[in-house]
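Letter by letter, the chains look like this.
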Amino acid sequence: MDTPTLQTPRLRLEPVALKHAPHLQPLFADPEVLRYLSAQIPQPYPAEGMQWFLEHDLLPRVDSGASVAWVLVLRETGTPVGLLVWRRHQSDEGDRGFWLGRPYWGQGLMTEAITAFQDHVFFEVGLERMELRSGIHNHGSSRLKEKTGCVKIGEAEGKMREGSIVGVWEITRARWSALRRPAPSHEKQR
Ligand SMILES: CC(C)(COP(=O)(O)OP(=O)(O)OC[C@H]1O[C@@H](n2cnc3c(N)ncnc32)[C@H](O)[C@@H]1OP(=O)(O)O)[C@@H](O)C(=O)NCCC(=O)NCCS
């Protein structure tokens, strides 16, 4: 499956490529970014870690069709600022993973990226449902999920850097449609 480029008001979501590694490396090798992610990610993060991850892990998964991966690029400056991965087969990590470099937090950028991503998977690809996971202490990720139509459906064991419990969340096309395309007011009143 080809990775389409997606646009938001401030971001371009481009297919990830090896050329992005030097830009993503310093943003990802930040203990605050790694704090709520999988305990399997080494910390301190190795100097060539992102290059290795893209070349030997993520891009092969993209090539095989198992994952779709976008780098988040600021439209104004062309700066790569984060990553968003959709795992198309069920995994213990959930169907989606994302991170943004710390200088870019708190500006609504990931909300924009997730909005474009969910429009794509639900309205273009035609997916019915996704199951997502994140550490229960990751309040930013939980809030982002609530804001973008996800509902917590339980908890499970997980190997996160911070704790061993993850929240299990779901988002359905029906729920996303209702958020994005609310029924006209005359229909709501019926
Ligand atoms: C989680 C993360 C992607 C959020 O990105 P962001 O662009 O800063 O998020 P947004 O600005 O779109 O914020 C979305 C909502 O979450 C809230 N939020 C963001 N970070 C928060 C935090 N640390 N604690 C509590 N709420 C937070 C925002 O206030 C906003 O809610 P509001 O509109 O009600 O105010 C970013 O902090 C990050 O990359 N963290 C490290 C990696 C990570 O945890 N990835 C997720 C793994 S599941």
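What this report covers is the structure whose coordinates are included nearby.

1. Remarks on the overall build of the protein
Check the secondary structure of the protein and you find seven helices and eight strands. When the backbone C-alpha atoms are referred to their principal axes, the protein occupies close to 60 × 35 × 35 Å. Within the span of the protein, comprising 190 residues, buried residues form 31% of the whole. Partitioning the contacts of the protein with sequence separation of at least 6, the portion at a separation of at least 24 is 62%.

2. Thoughts on the environment of proline 80
With respect to the secondary-structure elements, proline 80 resides in strand E4 (residues 80-87). Remark: the alpha-carbon pair of proline 80 and arginine 12, spanning 68 residues in sequence, is separated by 9.2 Å. Among all residues touching proline 80, those that are not within four sequence positions of it are His20, His23, Leu24, Val71 and Val73.

3. Some thoughts on the site of the ligand
Neighbouring residues of the ligand: 21 residues in total, closest Met110, Thr111, Ser134, Gly140 and Arg143. For the shell around the ligand, the secondary structure elements donating two or more residues are strand E5 (96-100), helix H4 (109-125) and helix H5 (139-147). A per-element tally of the shell around the ligand places H5 first, with six residues. Partitioned by chemical class, the residues of the shell around the ligand number 10 nonpolar, nine polar and two charged.

4. A short note on the sheet that holds E4
One open sheet holds the five strands; their spatial order is E1-E2-E3-E4-E5, and the pairing between them is antiparallel. Only two strands of the sheet have a single partner each, and these edge strands are strand E1 (6-7) and E5. In terms of strand pairing, strand E2 (residues 11-15) meets strand E3 (residues 67-74) through five bridges, oriented antiparallel. When the sheet's bridge partners are listed, leucine 13 is paired in E3 with leucine 72.

5. Thoughts on the packing of helix H1 (residues 21-28) against helix H3 (residues 49-64)
Contact geometry of H1 with H3 gives a least axis separation of 8 Å together with a crossing angle of 120°. Our classification of the angle between H1 and H3 gives oblique. Classified by chirality, the crossing of H3 by H1 is right-handed. Facing Ala21, Leu24, Gln25 and Phe28 of H1, the residues of H3 in contact are Gly49, Met50, Gln51 and Leu54.

6. Focus: the sheet that holds strand E7 (residues 151-157)
If you trace the three strands from one edge of the open sheet to the other, you get E6-E8-E7, paired in antiparallel fashion. Looking at the sheet topology across the chains shown, the edges are occupied by strand E6 (129-135) and E7. Averaged over neighbouring strand pairs, the angle between their axes works out to 30° when direction is ignored.

7. Details of the nonpolar core
Buried together is how nonpolar side chains tend to be arranged in soluble globular proteins. One finds Leu13, Trp70, Leu72, Leu83, Leu84 and Ala113 to be the most contacted residues of the largest nonpolar core, which totals 36 residues. In terms of residues, this core owes the most to one element, H4, which gives seven residues. When near neighbours in sequence (up to four residues on either side) are disregarded, leucine 84 contacts Leu13, Trp70, Leu72, Phe98, Ala113 and Phe117.

8. A few points about the pairing of E7
With zero of seven residues buried, E7 is to be regarded as a mostly surface element. Across six bridges, E7 lies against strand E8 (residues 165-172) in antiparallel orientation. Within the sheet, the bridge partner assigned to alanine 156 lies in E8 and is valine 166.

9. Things to note about the pairing of E4
Within E4, six of the eight residues are buried, which leaves it mostly tucked inside the rest of the structure. Direction of pairing for E3 relative to E4: antiparallel, over a ladder of seven bridges. Across the sheet, residue valine 73 finds its bridge partner in E4, namely proline 80. Hairpin remark: E3 followed by E4, antiparallel, with five residues in the connecting loop; positive phi at glycine 78, about 75°. Pairing of E4 with E5 involves five bridges; the strand directions are antiparallel. Opposite leucine 83, over in E5, you have tryptophan 99 as the bridge partner.

The rules behind these values
- Residues numbered from 1 in each chain as written.
- Predicted model: local features only at pLDDT ≥ 70, side-chain atom pairs only at ≥ 80, totals over all residues.
- Helix = DSSP H or I, 4+ residues; strand = E, 2+ residues; numbered from the N terminus.
- Buried ≥ 20, exposed ≤ 12 C-beta atoms within 10 Å, placed from the backbone.
- Contact = placed C-beta atoms within 7 Å.
- Near = placed C-beta within 6 Å.
- Nonpolar A, V, L, I, M, F, W, Y, C, P; charged D, E, K, R; others polar.
- Pairing = 2+ DSSP bridges.
- Axes fitted to C-alpha atoms, helices over the stretch in contact; angles between N-to-C directions.
- Parallel < 35°, antiparallel > 145°, perpendicular 65-115°, else oblique.
- Left-handed = near helix turned anticlockwise from the far one by under 90°.
- Core = buried A, V, L, I, M, F, W, Y, C linked by C-beta atoms within 7 Å.

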